[in-house]
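The chain contents come next:
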Amino acid sequence: MMEENALDYMHSFLEDQVKNRDLAVDATLGTGRDSLYLKDSLKIQRIYGFDIQKEALDQAKERLGDREGIQLIQDSHENMGHYIHEEVDVVCFNLGYLPGGDKAVITKKESTCRAIEEALKLLREGGLMTILLYRSHKGAQEEVEAVLNLLSQLDQKKFLVHWLSFPNQKNQPAYFLGLKKRTKK
Ligand SMILES: C[S@@+](CC[C@H](N)C(=O)[O-])C[C@H]1O[C@@H](n2cnc3c(N)ncnc32)[C@H](O)[C@@H]1O
């Protein structure tokens, strides 16, 4: 596997392992592109999508149309445990700001880390998490460091974590972070 960018890696990582699964969380809904991918390409049956901005929910609703099994929630992803009371197969984070939206409204390291911790609890054994980490906007570097610091401390017997960078590409391309919750032996 030799993909061109972080989004392609995210797709390859998920395609290999989560086709036709039951439940996904799109922790940063934005314009709904990732949810559309989860629904149409990976055939995930049910999706919870979170975003704090009404504008994002409106755009996502338009993109997703009348597809069934998608619940959109205007709340911070750190509160996902208030809405989801069952194990999930996959959680996707695509951090940063809404494409084409207000660049001042961004994911923040504190709430992002709390949300990742919540997601780790909800993931079923064998479940996957993907995180796309953008680097060029204000506050991005701190968020990258906080996320890497958090995931570096996870017990390697319980979680497999890897991250990918593109060191010779211009304009600070996004990092891809992939995580799998290991199955207990
Ligand atoms: C890079 S965009 C996501 C792109 C999106 N997945 C798509 O397909 O268009 C990041 C999104 O995270 C949202 N966001 C920021 N803070 C958040 C939070 N605490 N909880 C949930 N979403 C948040 C922003 O409003 C923005 O829409």
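Our structure is the block above this text.
Residues numbered from 1 in each chain as written. Predicted model: local features only at pLDDT ≥ 70, side-chain atom pairs only at ≥ 80, totals over all residues. Heavy atoms only, no water.

**Q** Whenever I open this one, the pattern of salt bridges confuses me. Can you help?
**A** It is possible for side chains bearing opposite charge to pair when their charged atoms get close. As enumerated under the stated definition, the model contains 8 salt bridges in all. Between R67 and D40 there is a salt bridge; the shortest N-O distance is 2.9 Å. Taken as a pair, R67 in the loop between helix 3 (54-64) and strand 3 (70-74) and D40 in helix 2 (residues 33-41) lie far apart in primary sequence, 27 residues in all. Note that K121 is salt-bridged to E118, the shortest N-O span being 2.8 Å. On the criterion of helical spacing, the pair formed by K121 and E118 is a turn pair, its members being 3 residues apart in helix 5 (residues 109-122). When its relative accessible area of 60% is taken as the criterion, K121 is described as exposed. A single salt-bridge network, built from bridges that share partners, covers D22, R46 and E86. (Salt bridge = Lys/Arg side-chain N within 4 Å of Asp/Glu carboxyl O. Helix = DSSP H or I, 4+ residues; strand = E, 2+ residues; numbered from the N terminus. Buried < 20%, exposed > 50% of the residue type's maximum accessible area, 1.4 Å probe, protein only.)

**Q** Sorry if this is basic, but what is going on with the sheet that holds strand 6 (residues 159-164) here?
**A** One open sheet accounts for 7 strands, arranged 3-2-1-4-5-7-6; its pairing is mixed. The open sheet terminates on both sides in strands that have one partner only, identified here as strand 3 and strand 6. For this sheet, the mean inter-axis angle between neighbouring strands, taken without regard to orientation, is 15 degrees. Sheet topology places strand 1 (residues 23-26) next to strand 4 (residues 88-94); 3 bridges connect them, and they run parallel. Its bridge partner lying in strand 4, A24 is registered against V90. Against the sheet, helix 3 makes contact with strand 2 (46-51) and strand 3, and its axis sits at roughly 165 degrees relative to strand 3, the strand it touches most. (Pairing = 2+ DSSP bridges. Axes fitted to C-alpha atoms, helices over the stretch in contact; angles between N-to-C directions. Contact = heavy atoms within 4.5 Å.)

**Q** Would you explain the layout of surface pockets in this entry?
**A** Over the atoms rolls a probe the size of a water molecule, and its path tells where empty space is left. Roughly 640 Å³ of internal volume is contained in the largest pocket. N94, G96, Y97, L98 and P99 are the residues nearest the centre of the largest pocket, which is lined by 29 residues in total. Elements supplying a minimum of two residues to the lining of the largest pocket: helix 2 and strand 2. Residues that form the lining of the largest pocket fall into these classes: 12 nonpolar, 12 polar and 5 charged. (1 Å grid on protein atoms, 1.4 Å probe; cavity = no way out; pocket = protein on both sides within 12 Å on 5 of 7 lines; lining within 4 Å. Points joined across faces, edges and corners; volume = space filled by probe spheres on them. Nonpolar A, V, L, I, M, F, W, Y, C, P; charged D, E, K, R; others polar.)

**Q** Even after reading the chapter, I still don't get the site of the ligand, so can you show me in this structure?
**A** In the region of the ligand, 22 residues are neighbours, and T28, T31, D34, D51 and Q53 sit closest. Between a nitrogen atom of the ligand and a main-chain N or O atom of L29, the distance comes to 3.4 Å. Contact between the ligand and H77: a nitrogen atom at 2.9 Å from a main-chain N or O atom of the residue. Judged by the proximity of its atoms to the pocket grid, the ligand belongs to the largest pocket. (Near = heavy atom within 4 Å. Polar contact = N/O pair within 3.5 Å; in protein donor to acceptor, adjacent residues only side chain to side chain. Sits in = over half its atoms within 2 Å of the grid points.)

**Q** Which parts of the structure should I look at to understand the nonpolar core?
**A** The nonpolar side chains of soluble globular proteins are, as a tendency, buried together. Among the nonpolar cores identified, the biggest contains 32 residues, and M80, V91, F93, I116, M129 and I131 are the most heavily contacted of them. In this structure M80 touches V25, A27, F50, F93, A115, E118, A119 and L122, once residues within four positions along its chain are discounted. By size, the runner-up hydrophobic cluster in this structure holds 24 residues, among which are L14, V18, I44 and F166. (Core = buried A, V, L, I, M, F, W, Y, C linked by side-chain atoms within 4.5 Å.)

Remember, this is a structural readout, not a statement about activity or role.
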